[in-house]
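Here is how the chains run, residue by residue.
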Amino acid sequence: MKSYDVVALGELLIDFTESGISAQGNPLWEANPGGAPCNVLAMLNKLTHKTAFIGKVGKDVYGRQLCDVVTKAGIDTSALLFDPEVHTTLAVVHTFENGDRDFSFYRNPGADMMLTKDELPEQMLNSCRIFHFGTLSMTHDGVREATKAAVAIAKDAGALISFDPNLRPPLWSSEALAKENIEWGLSQADIVKIADNEIVFLTGETDYDKGAAILQERYPNIKLLNVTLGADGAISFCSGHRVFVPAFRLGGTIETTGAGDTFCACVLHDVLGNGVENRTVDSLKTMLRFANAAAYLVTTKKGAIRSMPNRAEIESILS
């Protein structure tokens, strides 16, 4: 028996999102809690799973805000550490008319980068059914070493490994280093959520089926590969099947922050119930429809952690 359904490691930060104009004509920004791994966990908690987060924030007002929000979301924060010297990472999110975003990071350094291998909670990593991570915890040496050690511990304990490249080019010293670490993550993972632009980055293929085939050949360890196509939907490659389900286009989209993380969480929710082996076409369609519905709903609100839909809201969209 495992104590946790999903444990995630990585960045926890503040997303400053546009929130109108002041009376003096200045832009207003809302401090939304975010960070891909905790976004995933917050959605899983909405689906009644037991989760925990491993990471580091600054010992500052934003770090305390984040700890409070994550705790209230039901995520175990016993492995969330406070750095007394380095501030919490901040991201300014510019939202375009179609809901897409551009990020500017204040992270040189940021507290999330300061996690070390010696600070890992080994008992927690030994006690999870799924371990989830991305590459923002692999941009610098110390936290990269911690991430790789955490993957090894969880894998040795029998956990499924979930990976989301979550490519953010401004945070890498070079594209080559980003590609090297994404490729390492793919080599370790059982479950992968990868965006269309990341397929192009890794393979050079704009035909996503061809790009996915290249990744499947390179990384036969991947049991479930999901390619997200933004407003077009998602494709799942699993058990020899290729299943496409279109996105929900019901209007009301404000911004897309957290949509991919919401999708990822719903896939992990499905895997916890149905596994990754011997999947049928119908079961994959059901998985993708549920994940697409949840991802659509989170685009109708600002931010991510506090904007995750509950099961009833998702099922209302599906019906």
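Reading guide: rules and limits
Residues numbered from 1 in each chain as written. Predicted model: local features only at pLDDT ≥ 70, side-chain atom pairs only at ≥ 80, totals over all residues. Heavy atoms only, no water. Helix = DSSP H or I, 4+ residues; strand = E, 2+ residues; numbered from the N terminus. Rg over C-alpha atoms; globule rule 2.2 N^0.38 Å. Buried < 20%, exposed > 50% of the residue type's maximum accessible area, 1.4 Å probe, protein only. Contact = heavy atoms within 4.5 Å. Lys, Arg positive; Asp, Glu negative; His and termini not counted. Charge placed at Lys NZ, Arg CZ, Asp CG, Glu CD. Phe/Tyr/Trp six-rings, centres within 6.5 Å; stacked < 30°, edge-to-face > 60°. Lys NZ or Arg CZ within 6 Å of the ring centre and 35° of its normal. Axes fitted to C-alpha atoms, helices over the stretch in contact; angles between N-to-C directions. Parallel < 35°, antiparallel > 145°, perpendicular 65-115°, else oblique. Left-handed = near helix turned anticlockwise from the far one by under 90°. Nonpolar A, V, L, I, M, F, W, Y, C, P; charged D, E, K, R; others polar. Pairing = 2+ DSSP bridges. Right-handed = clockwise from strand over helix to strand, strands pointing away.

(A) Highlighting the overall build of the protein chain. In terms of regular secondary structure, the protein chain is built from 10 helices and 13 strands. The C-alpha radius of gyration of the protein chain comes to 18 Å, within 12% of the 20 Å expected for a compact globule of 319 residues. For the protein chain, the spread of C-alpha atoms along the principal axes amounts to about 55 × 45 × 40 Å. The proportion of buried residues among the 319 residues of the protein chain is 57%. Sequence separation of 24 or more characterises 71% of the internal contacts of the protein chain that already satisfy a separation of 6 or more. Between the averaged position of the 29 positive side-chain charges in the protein chain and that of its 39 negative side-chain charges there is a distance of 4 Å.

(B) Here's a closer look at the packing of aromatic side chains. Summed over all chains, the structure comprises 4 aromatic pairs. Both rings, one in phenylalanine 16 and one in tyrosine 62, keep their centres 5.7 Å apart while their planes meet at 90°; by these two values the pair is edge-to-face. Placement of the pair is phenylalanine 16 in strand β2 (residues 13–21) and tyrosine 62 in helix α2 (residues 61–72), with a sequence separation of 46 residues. Here phenylalanine 16 falls in the buried class, since its relative accessible area comes to 14%. Between the aromatic rings of phenylalanine 133 and tryptophan 184, the centroid separation amounts to 6.2 Å while the plane-to-plane angle is 65°, which identifies the pairing as edge-to-face. Note that phenylalanine 133 is positioned in strand β8 (residues 128–134) and tryptophan 184 in helix α5 (residues 175–188), a separation of 51 residues in sequence. In terms of burial, phenylalanine 133 and tryptophan 184 fall into one category: buried. Pairwise contacts between aromatic rings join Phe131, Phe133, Phe163 and Trp184 into one cluster. The cationic tip of lysine 179 hangs over the ring face of phenylalanine 201; the distance from NZ or CZ to the ring centre is 5.3 Å.

(C) Region of interest: the packing of helix α6 (residues 196–203) against helix α7 (residues 208–218). In contact at an axis separation of 10 Å, α6 and α7 are set at 60° when each is read in the N-to-C sense. Classified by the angle their axes make, α6 and α7 are oblique. Our pair here, α6 against α7, has a crossing hand that is left-handed. Across the interface between the two elements, Asp196, Ile199, Val200, Leu202 and Thr203 from α6 touch Tyr208, Gly211, Ala212, Ile214, Leu215 and Arg218 from α7. A class-by-class count of the residues in the contact of α6 with α7 yields 7 nonpolar, 2 polar and 2 charged.

(D) Local environment of the pairing of strand β5 (residues 76–83). Sheet analysis places strand β4 (residues 51–58) next to β5, joined by 6 bridges and oriented parallel. Across the sheet, glycine 58 pairs through a bridge with aspartate 83, a residue of β5. Taken together, β4, α2 and β5 form a β-α-β motif whose crossover is right-handed.

(E) Quick look at the environment of aspartate 5. Position of aspartate 5 among the secondary structure elements: in strand β1 (residues 4–9). Among the residues examined, aspartate 5 registers a relative accessible area of 15% and is labelled buried. Sequence separation between aspartate 5 and leucine 272 is 267 residues; the distance between their C-alpha atoms is 7.5 Å. Residues within four places of aspartate 5 in sequence aside, it is in contact with His49, Lys50, Arg129, Ile130 and Leu272.

(F) Just unusual backbone geometry, in detail. Following asparagine 108, the chain continues into proline 109 via a peptide bond in cis, with omega recorded as 0°. Mapping proline 109 onto the fold places it in the loop between β7 (101–106) and α3 (122–125). In the Ramachandran plot, threonine 48 falls in the positive-phi region, its phi being about 70° despite a non-glycine side chain. Residue placement: threonine 48 occurs in the loop between α1 (36–46) and β4. The backbone of asparagine 278 sits at a positive phi, close to 55°, despite the residue not being glycine. Relative to the helices and strands, asparagine 278 is located in the loop between α8 (259–274) and α9 (281–298). For asparagine 278, a relative accessible area of 72% gives the class exposed.

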